[in-house]
Amino acid sequence: MTESTPAAADPAEDLPEQMRVRRSKRDRMLADGVEPYPLSYPRTATLAEIRERYAELATDTATGDIVSVTGRVIFIRNSGKLCFATLRDGDGTELQAMLSLDRIGAERLEDWKRLVDLGDHVGVTGEVITSRRGELSVLADSWSMTAKALRPLPVAHRPLSEEARVRQRYVDLIVRPQARETVRTRAGVVRSLRDSLHSRDFLEVETPMLQLLHGGAAARPFVTHSNALDTDLYLRIAPELFLKRCVVGGIERVFEINRNFRNEGVDSSHSPEFAMLEVYQAYADYNTMATLTRELVQEAARATFGSHVVRHADGEEYDLGGQWRSVTLYGSLSEALGEEVTVSTDMARLVQYAEKHNLPVSPKWGPGKLAEELFEELVVPNLVLPTFVRDYPEETSPLTRAHRDQPGLAEKWDLYAFGVELATAYSELVDPVEQRERLIRQAQLAAKGDDEAMRLDEDFLRAMEYGMPPSGGMGMGIDRLLMALTGLGIRETILYPLVRPE
RNA sequence: GGGCCGCUAGCUCAAUUGGCAGAGCUGAGGACUUUUAAUCCUUAGGUUCGGGGUUCGAGUCCCCGGCGGCCCA
């Protein structure tokens, strides 16, 4: 509404012709005492119900059944004494309405031709018939405007520009079936994740979005302010530290599906607000989490596509069924380099490999971070089908338990699919003393590089000191899961992505 | 943050070397009782993203800014 004309000005002056015409039709209705936005319409059946009930009706048949239907006019074909319109329901079902002179009379037929435009919502009451061409139709005895549209629809047969689709998603949803389908797919995936977790006795909780301290991930936060407390607050970058408090409190299987906020770049796979599933399970480890994650994704694929084979927007099909490939970080990196690399390979050697592959090296990186960067550069682009990448350097995994038998490594995996990171999981670090030492080191690093030095979350450490049982934890990006299942960009999987002001 | 590409009618897009800003759909007027993106006749519709510059002349070339997309960091 920001662009609308102030009430004082005469809005008709500036408007394009098509909008003036539609407003004048609304005015004409009001002048005739007809409400262009009535309270309701006595609908007796949805378009889908009519289609289902009369699926087998033969060509050029009259049923004698009278129904009342509603829908948005998406195509219109008027002639002198017989008019056709295609109506569409919210679920995308289409049905034809027919209006004939002998059935509704000259006056109402003329009203239809004068007042109804593409995009209007109408209600039609009449007999269910099939036309001579076999099209299932409602032959009107009466009709009403149920909501007059004041703006023209875009051309229905050419794609909207990508920017228009994102900025005016409501228009995208009206004209593009794939847009409506994506909304349904997303709802189905989220529902499937919840069902899968509930059936495994996980409890869903909601933890703070507004936090005094941000933690649980390395990312720049959004900052806001509480007037009541007179203190700055952070929008959460992860729910991790609160979910762990839940496990300390005895909620042994806990999850949350909610939004995280990161004040970072926006591109085809990153959004400043994104939906995330996090799961924690006591007496589990990163192996338990791998099985759970695979089952969650496979059940989501089956719930939404009826199969483990998913079809991407480009038509390619991928089978997500069965066991998934599992590699180690250093093993796959060694293979890509053609030389043995381990967690004890020294910095100088790693820098040589980086130079050989034109990878710029930041002076802030340690050997663990550099190995990860090399991995992302050389291995990740080739990971198409879901692949677990296991055993990351301890250096970059401050909340992860040390590997049970390989020094210098941590029990962490990342799940990659279609070139992006889909999920990550740890055998959680639960020793409060070691946890404190690692967080202090992180805080010192943050303080060096950043004026917003991270403070220690003392309450989190206090909770850990009460004793957290051995646990596995996992986080999965919901938007990215949708991307992996559908092949769409992140701005298509998010209904209303952030855009710059017009 | 850097590079490249784009922004023209309500929508999707054209416009040759710098030389009258166009098409389809949509809209308006008319014809049509079986259409399916109906068809036929007539017709309207523009601050070419904004600002500045070069030029006899700029949608087109140059500079600054805005928005979007892609690639890179």
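Look up a bit, the structure's there.
Residues numbered from 1 in each chain as written. Chains lettered and ligands numbered in written order. Predicted model: local features only at pLDDT ≥ 70, side-chain atom pairs only at ≥ 80, totals over all residues. Heavy atoms only, no water.

Caption draft 1: Fine view of the overall build of chain A. Of regular secondary structure, chain A possesses 15 helices and 18 strands. Against the 2.2 N^0.38 benchmark of 23 Å for 502 residues, chain A shows a C-alpha radius of gyration of 30 Å, more extended than a compact globule. Counting across all 502 residues of chain A, residues that qualify as buried make up 46%. The long-range share in chain A, meaning contacts at least 24 apart out of those at least 6 apart in sequence, stands at 66%. If you sum the accessible surface of chain A, you get close to 25800 Å²; carbon and sulfur atoms cover 50% of it. (Helix = DSSP H or I, 4+ residues; strand = E, 2+ residues; numbered from the N terminus. Rg over C-alpha atoms; globule rule 2.2 N^0.38 Å. Buried < 20%, exposed > 50% of the residue type's maximum accessible area, 1.4 Å probe, protein only. Contact = heavy atoms within 4.5 Å. Areas by Shrake-Rupley, 256 points an atom, 1.4 Å probe, with all protein chains shown as cover.)

Caption draft 2: The arrangement of the protein's contact with RNA strand B in detail. Surveying the vicinity of RNA strand B reveals 35 residues, the closest of which are Q18, R77, S131, R133 and R500. A distance of 2.5 Å is found between a base oxygen of RNA strand B and a side-chain nitrogen or oxygen belonging to R77. Within the backbone of R132, a nitrogen or oxygen atom sits 3.0 Å from a base oxygen of RNA strand B. Elements with a minimum of two residues in the surface near RNA strand B: α1 (17-31), β1 (62-78), β2 (82-88), β3 (94-100), α3 (101-115) and α4 (162-167). (Near = heavy atom within 4 Å. Polar contact = N/O pair within 3.5 Å; in protein donor to acceptor, adjacent residues only side chain to side chain.)

Caption draft 3: Seen up close, the sheet that holds strand β7 (residues 210-211). One open sheet holds the three strands; their spatial order is β7-β9-β8, and the pairing between them is antiparallel. Of all strands in the sheet, those bounded by a partner on one side alone are β7 and β8 (223-226). (Pairing = 2+ DSSP bridges.)

Caption draft 4: Up close: the packing of aromatic side chains. Inspection of every chain in the model, using the stated rule, returns five aromatic pairs. Consider the rings of Y318 and F418, whose centres lie 4.9 Å apart with planes at 75°: the pair is edge-to-face. Here F418 lies in the loop between β16 (409-417) and β17 (420-427) and Y318 lies in strand β13 (residues 317-319), a separation of 100 residues in the sequence. On the basis of relative accessible area, Y318 is assigned to the buried category, the value being 18%. Put simply, the rings of W324, F388 and W413 pair up and form one aromatic cluster. Above the face of the W143 ring, R108 is positioned so that its terminal group lies 4.3 Å from the ring centre. (Phe/Tyr/Trp six-rings, centres within 6.5 Å; stacked < 30°, edge-to-face > 60°. Lys NZ or Arg CZ within 6 Å of the ring centre and 35° of its normal.)

Caption draft 5: View of the nonpolar core. Core analysis: the biggest nonpolar cluster contains 37 residues, and L193, L277, W413 and M474 have the highest contact counts within it. Secondary-structure elements contributing two or more residues to this core are α6 (177-199), β10 (253-261), β11 (273-282), α8 (286-305), β16, β17, β18 (471-477) and α14 (478-486). Per-element tally for this core: the top contributor is α8, with eight residues. Those residues in contact with M474 that lie beyond four places of it in its chain are L277, E278, V279, M289, T293, L296, W413, A423, T424 and A425. (Core = buried A, V, L, I, M, F, W, Y, C linked by side-chain atoms within 4.5 Å.)

Caption draft 6: Layout of the sheet that holds β3. Spatially, β1-β2-β3-β5-β4 is the arrangement adopted by the five strands of the closed barrel, whose pairing is mixed. Averaged over all pairs of adjacent strands, the angle between strand axes in this sheet comes to 50°, irrespective of strand direction. Sheet topology note: the strand β4 (residues 121-130)/strand β5 (residues 136-147) ladder contains 10 bridges and is antiparallel. Across the sheet, the residue bridging to I129 is S137, located in β5. (Axes fitted to C-alpha atoms, helices over the stretch in contact; angles between N-to-C directions.)

Caption draft 7: A look at the pairing of β10. Sheet analysis places strand β6 (residues 203-204) next to β10, joined by two bridges and oriented parallel. What sits directly across from E204, in β10, is F255. When β10 meets β11, the two strands line up antiparallel, connected through nine bridges. Among the inter-strand pairings, V254 is bridged to a residue of β11, identified as Y280.

Caption draft 8: Molecular detail of the packing of helix α7 (residues 240-248) against helix α13 (residues 458-465). Taken N-terminus to C-terminus, the directions of α7 and α13 make an angle of 25°; their axes are 9 Å apart at the nearest point. Considering their axes alone, α7 and α13 lie roughly parallel with respect to each other. Two packed elements cross with a definite hand, and for α7 against α13 that hand is left-handed. In this structure, α7 contributes L241, K244, R245 and V248 to the contact, and α13 contributes D459, F460 and A463. Classifying every residue of the contact of α7 with α13 by side-chain character gives four nonpolar, no polar and three charged. (Parallel < 35°, antiparallel > 145°, perpendicular 65-115°, else oblique. Left-handed = near helix turned anticlockwise from the far one by under 90°. Nonpolar A, V, L, I, M, F, W, Y, C, P; charged D, E, K, R; others polar.)

The values reported here are purely geometric and, on their own, carry no functional implication.
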